[in-house]
Amino acid sequence: MTDKEIIAFQLGKKQGGGGGSATLIDKNISSNGTYNAVDDSADGYKKVVVDVLDSIGACVDKTIVNAVLPTGTSKIGEYSFYCCRLLETVQIPSSVLAIKGGAFAECDKLKEVVFPPNLAEIGGSAFRRCFSLSSINNFPSGLTSISSQAFEYCPLVQIEIPSNITHIYSSAFFACDHLETLKFDGDIIIDGGAFRTCSALTEIDCTGMTATNGVANSILSNSTAFENTNNAPFIFA
């Protein structure tokens, strides 16, 4: 692969089923790539490979249920799976370095994401309005920031921000109203609205911060970063 990314995934079972031989269907989805679907009637599944260049709406078939990206994929382009409302799982290989903006936005049924160890970028609105995304694995060590609106409206229950992440941008976790526990493992800059309206928070654990309490309070003092969080207390050393 050079400047292109490969996205491979398996669509949900088609209605009707029945026997028959596999049929290859090609149709253009944009000037940047093609959409190639293999309709295998024998097992009732479709297998798809998409070769795209950051195409908005790259996945034109919104019946995707399970996505499996092949080894060697370096990034998931902008809005690649946008509005795939039936998508439940995605397997991301360790070769992926970037999940671009809006890549999985409004995937209503996406339940869990396991980030690859070398991931260095989560773009703005990457998982915005993923209304079933209640858990994410540990953020990778190469990730230094979380972009604006990246997890806005996700029903995450707990979040631990490792020390390698030093900046959370505006509205990154806005309206995550199932979020109960939040832990920071190091000093950090938090922009306005980052955790606004996380109304289920019970406490904000800052014990991992190396700064003095006064400095840590200053870092977290953005007037809207924690607005409407039910007055959850900040716990320092």
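Residues numbered from 1 in each chain as written. Predicted model: local features only at pLDDT ≥ 70, side-chain atom pairs only at ≥ 80, totals over all residues. Heavy atoms only, no water.

Draft legend 1. Representation of the side chain of Ser125. Looking at the secondary structure, you find Ser125 in the loop between strand 10 (121–122) and strand 11 (135–136). In this structure Ser125 comes out as buried when scored by relative accessible area, which is 14%. (Helix = DSSP H or I, 4+ residues; strand = E, 2+ residues; numbered from the N terminus. Buried < 20%, exposed > 50% of the residue type's maximum accessible area, 1.4 Å probe, protein only.)

Draft legend 2. Looking closely at the side chain of Glu106. The topology assignment puts Glu106 in the loop between strand 8 (98–99) and strand 9 (112–113). Only 2.9 Å separates the side chain of Glu106 from the side chain of Arg85, close enough to count as a polar contact. Among residues more than four places away in sequence, those in contact with Glu106 are Tyr82, Cys83, Cys84, Arg85, Arg128, Arg129 and Cys130. (Polar contact = N/O pair within 3.5 Å; in protein donor to acceptor, adjacent residues only side chain to side chain. Contact = heavy atoms within 4.5 Å.)

Draft legend 3. Fine view of the pairing of strand 15 (residues 181–184). Where burial is concerned, the two faces of strand 15 differ: the one with Leu182 and Phe184 is buried and the one with Thr181 and Lys183 is not. Pairing geometry for strand 13 (residues 158–161) and strand 15, over four bridges, is parallel. What sits directly across from Gln158, in strand 15, is Thr181. Here strand 15 runs beside strand 17 (residues 203–205); their pairing, made up of three bridges, is parallel. (Pairing = 2+ DSSP bridges.)

Draft legend 4. Main features of the packing of aromatic side chains. Under the defined criterion, the tally for this structure stands at 14 aromatic pairs. Pairing Phe81 with Phe104 gives two aromatic rings, centres 5.2 Å apart and planes at 0°, and the pair type is stacked. Here Phe81, found in the loop between strand 6 (75–76) and strand 7 (89–91), pairs with Phe104, found in the loop between strand 8 and strand 9; they are 23 residues apart in sequence, far enough to count as distant. Exposure remark for Phe104: the relative accessible area of 0% places this residue in the buried category. Ring centres 6.0 Å apart and planes at 70° place the aromatic pair Phe115 and Phe127 in the edge-to-face group. One end of the pair, Phe115, is in the loop between strand 9 and strand 10; the other, Phe127, is in the loop between strand 10 and strand 11, and 12 residues separate them in sequence. An identical accessibility class is assigned to Phe115 and Phe127; each is buried. Through a chain of ring-to-ring contacts, the aromatic side chains of Phe81, Phe104, Phe115, Phe127, Phe139, Phe151, Phe173, Phe184, Phe195, Phe226 and Phe234 assemble into a single cluster. Between Arg129 and the ring centre of Tyr153, over which it is positioned, the NZ or CZ distance is 4.4 Å. (Phe/Tyr/Trp six-rings, centres within 6.5 Å; stacked < 30°, edge-to-face > 60°. Lys NZ or Arg CZ within 6 Å of the ring centre and 35° of its normal.)

Draft legend 5. Highlighting the sheet that holds strand 16 (residues 189–190). Spatially, three strands are ordered 12-14-16 in an open sheet, and the strand pairing comes out parallel. Edge positions in the open sheet fall to strand 12 (145–146) and strand 16, since each of these has one partner strand only. Bridging between strand 12 and strand 14 (residues 167–168) involves two bridges; their strand directions are parallel. From the neighbouring strand, Ser145 faces strand 14, where its bridge partner is His167.

Draft legend 6. Highlighting the pattern of salt bridges. All chains considered together, the criterion is met by seven salt bridges. Between Lys183 and Asp185 there is a salt bridge, with the nearest N and O atoms lying 2.6 Å from each other. (Salt bridge = Lys/Arg side-chain N within 4 Å of Asp/Glu carboxyl O.)

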